[in-house]
Amino acid sequence: MKLIAEIAGAQHEVEIGRDRSRVVAQVDGRRYEVEALASRPGVYLLLSEDKVYECRVERGAARRESLEVAVGSHAYAVTLTDPKRLRGTSQSGAHAGGTAQIIAQMPGKVVRVLVEMGAEVEAGAGVVVVEAMKMQNEIKSPKAGKVTSINVAAGATVNAGDLLAVIE
Amino acid sequence: MFRKILIANRGEIAVRVARACRDMGISPVAVFSEADAGALHVRLADEAYEIGPAPSVESYLRIERIIEAAERCQAEAIHPGYGFLAENADFAQAVADAGLTFIGPTAAAMRLMGTKTSARRIAVESGVPVVPGTTDPLSSLDEARRVAAGFGYPVMLKAAAGGGGKGMRLVTSEEELPSAFETAQSEAAAAFGNSEVYIEKAIERPRHIEIQIFADQHGNVVHLGERECSIQRRHQKVIEECPSPINDADLRERMGAAAVKAARAVDYTGAGTVEFLVSDATREFYFLEMNTRLQVEHPVTELVTGVDLVREQIRVAAGEPLSFKQEEVAWRGHAIECRVYAEDPENNFLPSPGRITHLRSPAGPGVRDDGGVEAGAEVSIYYDPMISKLAVWGRTRGEAVDRLRRALDEYAVGGIKTTLPFFRQIVRDRDFIEGRLDTGFISRFFARRDAAAASTEVGEDDTKRRDMALIAAALDYLTAQQQAASNHQPQGQEQSRWRLSGRMALHRRS
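Keep in mind that what you see is a predicted model, and the values were worked out from it rather than measured.

About the cut-offs
- Residues numbered from 1 in each chain as written.
- Chains lettered and ligands numbered in written order.
- Predicted model: local features only at pLDDT ≥ 70, side-chain atom pairs only at ≥ 80, totals over all residues.
- Helix = DSSP H or I, 4+ residues; strand = E, 2+ residues; numbered from the N terminus.
- Rg over C-alpha atoms; globule rule 2.2 N^0.38 Å.
- Buried ≥ 20, exposed ≤ 12 C-beta atoms within 10 Å, placed from the backbone.
- Contact = placed C-beta atoms within 7 Å.
- Axes fitted to C-alpha atoms, helices over the stretch in contact; angles between N-to-C directions.
- Parallel < 35°, antiparallel > 145°, perpendicular 65-115°, else oblique.
- Left-handed = near helix turned anticlockwise from the far one by under 90°.
- Nonpolar A, V, L, I, M, F, W, Y, C, P; charged D, E, K, R; others polar.
- Arc of directions from axis to C-beta.
- pLDDT = per-residue confidence, 0-100.
- Domains from an automatic or database assignment.
- Core = buried A, V, L, I, M, F, W, Y, C linked by C-beta atoms within 7 Å.
- Pairing = 2+ DSSP bridges.

**What to know about the overall build of chain B**
Link 1 in the chain: A tally of helices and strands in chain B yields 17 helices and 22 strands.
Link 2 in the chain: For 510 residues, the compact-globule estimate of 2.2 N^0.38 gives 24 Å, and the C-alpha radius of gyration of chain B, at 25 Å, lies within 12% of that figure.
Link 3 in the chain: Reported as C-alpha extents along the three principal axes, the dimensions of chain B are approximately 85 × 65 × 50 Å.
Link 4 in the chain: Of all 510 residues assigned to chain B, the portion counted as buried reaches 51%.
Link 5 in the chain: A sequence separation of at least 24 residues applies to 64% of the contacts in chain B between residues at least 6 apart.

Next comes the structure, spelled out in structure tokens:
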């Protein structure tokens, strides 16, 4: 199986074949023979040339293709694309077409909305204050522009991924 | 001594108190909100009482519910932990009025030290030095502007009823004052139900050093030395240590004496902490506030002095004299604590609630992990995001840092983001290793880190580790694909397992 993996903006080609615990893989042409043990879902113990790599794979909440892989105390954000299925890596959303969607990154309660419809905001200006776990977090605009939509009011409860406002 | 103690708290501190109860042969009783029915602090108790819905105002802050539970189970005493009702004088009074023992100071002492403005006044009266600023809450933005102009920027806005860095704002210029004033007031109102804010001159490159004190009901007041808590983020402590890297016997003696003086001024009983700002340059110290409770960072004092502070709290509350004298307090070695939060250090430390899918706590020589969660537990949006306190001890600060680095690397938490990766970087930071700390440490650390990241070369080991991460990701994808495929086929694994259990049921019947 061939996959395209993206880490920190760089693409890597991963080819992998498995026969029980024996895994043969090529990453960008580097060949590895690995003994892989999956004792629990998402936890892979890889042995490669007597070196131990305990890897924990977690699927992102937002998109199934974005994974977080922890190897020992190191962590990697990985986006997988299966060329056969052509899923994943759609880069639309956050900054497409000069608009910025202000998204709640965690569940919480809207304490204040700091901008008004139609107002011009600077990059880095606070848009909405969301409280979670006793801390108020000011969610800032990633770009300068005009507020074209406010989707929440003070007192509202929001979930991670909810659209709070749009800056154009 | 008490037979039964109700612990009016949750998470790691409830677990910590339950452990001290067990050590003393006392039966620990838990209370819990609907969100915490299966929590670790409930599992480790002998009895547990539900006190309301998830939001803390409807459960952990409901005084009458907690006292009702204590009466129902016939507990003789209530330990408040820290946070929630720990510094609420009305709660201490209500506990006393119900004929129960509150494990902490009297309501009167709490009231005197409870608001920072009143505490400041007491410090001034008892001859303990304070930072220039107002002793009364500010009545308006105009007043704030006037006072700040009086001693110049930067200034610090603080909630009168505050603590833990909430409702606290550094203001570097007059332009920032209006929005900071509003935010400080609204945070204070939300967190403490009291929007009063006061103002202080900000000391530059200050170190935050606090003194642990202990007092019994027989007039004995002692101090257990200092804790350095200069590493702060959003004015909240994240790493604490004992002794302070700038400690010397003379400074400790002078600060200890000042702390004892402040405690005596309010007839204090139990465990308390007097916080000071210490100028790194002049070694002058200023009284900040007194916390009338156990502190999150108490383990570092315990590791270095050998005194179990929770056990001592329980003894003192039961009317026993302190189990040690001032001259018997000895400081051995060095301890450091990290507060492990469910927050994403790569995303501006946003809270990261969710289910903990994997948990491996570190252990081994010199390592103590005071955790409050287990694998499978849900870190809720309703409460403080701290999931554990990791503390280490070594004979020297260097040895402690070595053990901390090892323990942090060993610590694995899955399912949520934690501040562990951030701590792993800090323990490798030159300034941290050399003990050059002040409250501006974190922001300078971030600047250093970003500069270092830009120039880091990628070695062969790094490439291989990253490749292994990619292989694991691909394996996970492959496994998910195969599972999905087998779920669609009648001969899949799930199917055969069903068939097997069906056959076993048949066997049992026959």
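**As for the packing of helix α1 (residues 11-23) of chain B against helix α11 (residues 309-317) of chain B**
Packed helices, taken two at a time, are described by the angle their axes make and the gap between the axes.
All names here are of chain B.
Link 1 in the chain: For the pair α1 and α11, the least separation of the axes is 9 Å and the interaxial angle reads 65°. Classed by the angle they form, the pair α1 and α11 counts as roughly perpendicular. For the element pair α1 and α11, the recorded crossing hand is right-handed. Residues R16, V17, A20 and D23 of α1 form the contact with α11, whose participating residues are V310, R311 and I314.
Link 2 in the chain: Of the residues assigned to the contact of α1 with α11, the class counts are four nonpolar, no polar and three charged.

**Structural notes on the interface of chain B and chain A**
Quite often, the size of an interface is put as the accessible area lost when its parts meet.
Link 1 in the chain: Counting residues at the interface gives 36 residues for chain B, matched by 48 residues for chain A.
Link 2 in the chain: For the side of chain B that touches chain A, the secondary-structure elements that each account for two or more residues are α8 (177-192), β16 (350-351), β22 (412-414), α13 (420-426) and α16 (460-488) of chain B.
Link 3 in the chain: Here the side of chain B that touches chain A gets 14 residues from one element, more than from any other, and that element is α16 of chain B.
Link 4 in the chain: Of the residues that constitute the side of chain B that touches chain A, the class distribution is 20 nonpolar, seven polar and nine charged.

**Focus on helix α4 (residues 89-97) of chain B**
Residue and element names in this part refer to chain B.
Link 1 in the chain: Where α4 is concerned, the buried positions are A89, F91, A92 and V95. Seen from one end, α4 has its buried residues packed into an arc of 160°, which puts them on one side. Exposed side chains of α4 directed beyond 90 degrees from the buried face belong to D90 and D97.
Link 2 in the chain: Of the surrounding secondary structure, the elements contacted by the buried residues of α4 are α3 (63-72), β4 (77-79), β5 (101-102) and α5 (107-114).
Link 3 in the chain: Positioned one or two residues after α4, G99 has a phi angle of 80°, which is positive.

**Remarks on the confidence of the model for chain B**
All names here are of chain B.
Link 1 in the chain: Summing up the model confidence of chain B, the mean pLDDT is 91 and the portion of residues at 70 or higher is 94%.
Link 2 in the chain: Counting interchain partners and residues more than four positions distant, the pLDDT-below-50 stretch residues 491-503 has five contacts.
Link 3 in the chain: Both scores are available for the predicted complex, with the pTM at 0.80 and the ipTM at 0.72.

**Description of the domain arrangement of chain B**
Link 1 in the chain: Here chain B is partitioned into domain 1 (4-103), domain 2 (132-201), domain 3 (206-455) and domain 4 (462-487).
Link 2 in the chain: Between the C-alpha centres of domain 2 of chain B and domain 4 of chain B there is a distance of 52 Å.

**Details of the nonpolar core**
Proteins that are soluble and globular tend to have nonpolar side chains buried together.
All names here are of chain B.
Link 1 in the chain: L6, I78, I213, F276 and A335 are the most contacted members of the largest nonpolar core, which has 142 residues in total.
Link 2 in the chain: It is α1 that contributes the most residues to this core, seven residues altogether.
Link 3 in the chain: Setting aside residues up to four positions removed in sequence, I78 forms contacts with L6, A8, A70, V95, L100, F102 and I103.

**Examining the sheet that holds strand β14 (residues 145-150) of chain A**
All names here are of chain A.
Link 1 in the chain: Pairing in this open sheet of four strands is antiparallel, and the strands run β9-β16-β14-β11 from one edge to the other. Lying at the two open borders of the sheet, with one neighbouring strand each, are β9 (100-103) and β11 (120-121).
Link 2 in the chain: Taken together, the three bridges between β14 and strand β16 (residues 163-167) define a ladder with antiparallel strand orientation. In the strand pairing of β16, V147 is matched with I167.

**Comments concerning the sheet that holds strand β11 (residues 236-242) of chain B**
Consider a sheet: its strands pair through backbone hydrogen bonds, and that pairing is either parallel or antiparallel.
Residue and element names in this part refer to chain B.
Link 1 in the chain: Taken together, eight strands build an open sheet; the order of strands is β13-β12-β9-β10-β11-β14-β21-β19 and the sheet is antiparallel. For this open sheet the edge positions go to β13 (285-291) and β19 (367-371), each flanked by a neighbour on one side alone. Along the sheet, successive strands turn relative to each other by an average axial angle of 25°, direction set aside.
Link 2 in the chain: Bridge count between strand β9 (residues 206-215) and strand β10 (residues 221-233): six bridges; the pairing is antiparallel. Of the residues in β10, the one forming a bridge with I211 is E226.
Link 3 in the chain: Its contacts with the sheet place helix α9 (residues 249-265) against β9, β10, β12 (270-279) and β13, and it is angled at close to 105° to β10.

**Remarks on α5 of chain B**
All names here are of chain B.
Link 1 in the chain: α5 sits mainly inside the fold: six of its eight residues count as buried.
Link 2 in the chain: If you check which residues of α5 are buried, you get A107, A109, M110, L112, M113 and G114.
Link 3 in the chain: Buried residues along α5 sit against α4, α6 (116-125) and β13.

**Here's the deal with unusual backbone geometry**
Link 1 in the chain: The step from Y153 of chain B to P154 of chain B runs through a cis peptide bond, and the omega angle for that step is 0°.
Link 2 in the chain: With respect to the secondary-structure elements, P154 of chain B resides in the loop between α7 (141-151) and β6 (155-163).
Link 3 in the chain: Cis rather than trans, the peptide bond between C242 of chain B and P243 of chain B has omega equal to -5°.
Link 4 in the chain: Along the chain, the position of P243 of chain B falls in the loop between β11 and α9.
Link 5 in the chain: Although it is not a glycine, A8 of chain A sits at a positive phi angle of roughly 45°.
Link 6 in the chain: Checked against the element boundaries, A8 of chain A lands in the loop between β1 (2-7) and β2 (10-19).
Link 7 in the chain: Phi angles above zero are rare outside glycine, and Q74 of chain B is one such case at about 55°.
Link 8 in the chain: Locating Q74 of chain B in the fold gives a position in the loop between α3 and β4.

**A short note on the environment of C229 of chain B**
Link 1 in the chain: Along the polypeptide, C229 of chain B turns up in strand β10.
Link 2 in the chain: Judged by local crowding, C229 of chain B falls into the buried class, with 27 C-beta atoms found within 10 Å.

**Concerning the confidence of the model for chain A**
All names here are of chain A.
Link 1 in the chain: For chain A, per-residue confidence averages 84 on the pLDDT scale, and residues scoring 70 or more make up 89% of the total.
Link 2 in the chain: Per-residue pLDDT, averaged within each element of chain A, yields its smallest value for strand β13 (residues 135-140) (81) and its largest for strand β3 (residues 22-27) (96).
Link 3 in the chain: A low-confidence stretch, residues 87-97 stays under pLDDT 50, and its non-local contacts, those more than four residues away or across chains, total 15 contacts.

**Observations regarding the pairing of strand β4 (residues 30-40) of chain A**
Regular strands place side chains that alternate from one sheet face to the opposite one.
All names here are of chain A.
Link 1 in the chain: When β3 meets β4, the two strands line up antiparallel, connected through six bridges. Bridged to V23 within β4 is V34.
Link 2 in the chain: Hairpin remark: β3 followed by β4, antiparallel, with two residues in the connecting loop; positive phi at D28, about 50°.
Link 3 in the chain: Pairing geometry for β4 and strand β5 (residues 43-48), over four bridges, is antiparallel. Bridge pairing links E35 to L47 in β5.
Link 4 in the chain: The antiparallel pairing of β4 with β5 creates a hairpin that spans two residues between the two strands, and G42 there sits at a positive phi of about 85°.

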